Amino acid sequence: MATAAQSPGSKVTRILIVDDDPGQRSLLESFLKRQGLQTVLATSGEEALEILRKQEFGMMISDVRMPGLSGLDTLRRARQQNAVLPVLLVTAYADIREAVGAMRDGALNYLAKPIDLDELLLTVRQAIGLEKSKIELTPGTQLPINVIAVSPLMQAVFHDAALIAPSESRILITGESGVGKEVLADVIHSWSPRKDGPLVKVNCAAIPENLLESELFGHEKGAFTGAVAQRIGRFEQANGGTIFLDEVADMSQPLQAKLLRVTQQGRFTRVGSNTELQTNARILAATNKNLEAEVKNGHFREDLFYRLNVVEINIPPLRERLEDIVRLASAFIAEFTKGKARFSSGVVNSLGRYGWPGNVRELRNAMERAALLSLGELILPEHLPARVRAGSESVVATSAVDPGRLGEIEMQAIVQTLRKHDFNRTETARALGISRRALIYKLQRFREMGMQVDPT
């Protein structure tokens, strides 16, 4: 049944959202509502067409894959009712070719999943003819005092989190091991309407495969050898709250099928039981793997990928957010020495020059080691791990051989890759092995330096 986010108003600022996935609908409704827009929701193409016969809208946003009428069929029939209604399609990568073809049928544009909120907002602004000044992003909720994010990249990550947290949508958190995916999950839960409910965490890679099903869904007494009592599973514990599935890519295919059922219907059964149980836990999932590649390789179910990946938040590695390194290190040292120790200038230089392949987790371990060796007083370079000292020295040596050239070399590599991929930023970032947001940040920095990085 259709629902309105606000009381009826101007048709220009009223948007029809069509999607059979409640998580996707919730994301779009919550995000657009916070931009001051009104939304009406439809769960199918048939319902959308009925609504279009009764109300006028500034635009329609529709998923492509839906039971019954597909998004493409809905587009074609909507065009018969309103030849000028802007229609934006939301599509999976497997549907991209069809979506491009739909442009001939009158689609305004298409967005690939997971949705880029900046791109969505820009498209909506252009479609309904509102100036940028009329729709502004809601300021992010204040970060917890134990979370440090001073770099532009991390501030943008938490800004997105603040926009998405109030919705019921499922979120996929990606990034290298040790970047802080669990910390982000904690913050999203604390900013959501479910903050007073439970936050249940499961590390799918740390639990043996034969026990993970019982861990997630529970089991009955006698279900298997060693099941001496009934066990309540994590999904049942998380009812009314949030469940965080870390390293979800390590889950076996049979278990992926059972997880898919929970994401679609909220239903599951305990091991050894035929009784169906219900949960409304919001799912946050995380992985350090490229799930698109895992899908193409047959290691991860495509339908589950799109169920979990309503919206993706990528956390950049520590080496891309240099402004955070010393602040994080200082916080860790204060924790381990109760605020008694301080850094020498040599330590500060070393911290910024090392690549930190283990990210924040490696930085924390290095600071714990330094606190022990320094006896909680002045932290010197020799108190740092040998790999940190060696890594920073190699960077100094490279810079000394070729002063002032590293930024130019990086810019040339980025521009060459951009040209190779026809200035598609998403494909360029993937080829360079960095996040899309990091690429945009670097391009911005190069422009400020007067370098030519745009197509000519």
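Above this note sits the structure.
What you see is a predicted model, and the numbers here were worked out from it, not measured in a lab.

A. Just the packing of aromatic side chains, in detail. For the structure shown, the criterion picks out 4 aromatic pairs. Ring centres 4.6 Å apart and planes at 85° place the aromatic pair tyrosine 354 and tryptophan 356 in the edge-to-face group. Through a chain of ring-to-ring contacts, the aromatic side chains of Phe217, Phe235 and Phe268 assemble into a single cluster. Against the face of phenylalanine 57 rests arginine 14, its NZ or CZ located 5.4 Å from the ring centre.

B. Just the pattern of salt bridges, in detail. Using the criterion set out here, one finds 23 salt bridges in the structure. A salt bridge links lysine 201 to glutamate 182; its shortest N-O distance comes to 2.8 Å. A residue pair is termed long-range when its members are at least 10 positions apart, and lysine 201 in strand S7 (residues 199-203) and glutamate 182 in helix H7 (residues 181-191) qualify at 19 residues. For lysine 201, a relative accessible area of 31% translates into the label partly exposed. Salt bridges here are not isolated pairs; linked through shared partners, they connect Asp20, Asp21, Arg170 and Arg307.

C. Structural view of the packing of helix H1 (residues 22-33) against helix H5 (residues 117-128). Two numbers describe how H1 lies on H5: the axes approach to 12 Å, and their chain directions differ by 65°. In this structure, H1 meets H5 at a crossing whose hand is right-handed. Counting all contacts with H1, which are made through Leu28, Phe31 and Leu32, the residues of H5 involved are Leu117, Leu120, Leu121 and Val124. The residue makeup of the contact of H1 with H5, split by class, is 7 nonpolar, no polar and no charged.

D. Geometry of the sheet that holds strand S5 (residues 109-112). What the 5 strands build is an open sheet, ordered S2-S1-S3-S4-S5; its pairing is parallel. Each of the sheet's edge strands pairs with one partner strand only, and the pair in question is strand S2 (38-42) and S5. Sheet twist, expressed as the mean angle between neighbouring strand axes with direction ignored, is 20°. The pairing of strand S1 (residues 14-18) with S2 spans 5 bridges and is parallel. Within S2, the residue paired with valine 18 across the bridge is alanine 42. Most of the contacts of helix H2 (residues 45-54) go to S2, to which it runs at about 130°, and overall it touches S1, S2 and strand S3 (59-63). Taken strand by strand, H5 contacts S1, S3, strand S4 (87-91) and S5, and its axis lies near 145° from that of S3.

Rules used throughout
Residues numbered from 1 in each chain as written. Predicted model: local features only at pLDDT ≥ 70, side-chain atom pairs only at ≥ 80, totals over all residues. Heavy atoms only, no water. Phe/Tyr/Trp six-rings, centres within 6.5 Å; stacked < 30°, edge-to-face > 60°. Lys NZ or Arg CZ within 6 Å of the ring centre and 35° of its normal. Salt bridge = Lys/Arg side-chain N within 4 Å of Asp/Glu carboxyl O. Helix = DSSP H or I, 4+ residues; strand = E, 2+ residues; numbered from the N terminus. Buried < 20%, exposed > 50% of the residue type's maximum accessible area, 1.4 Å probe, protein only. Axes fitted to C-alpha atoms, helices over the stretch in contact; angles between N-to-C directions. Left-handed = near helix turned anticlockwise from the far one by under 90°. Contact = heavy atoms within 4.5 Å. Nonpolar A, V, L, I, M, F, W, Y, C, P; charged D, E, K, R; others polar. Pairing = 2+ DSSP bridges.

Just distances and angles here, no functional claims.
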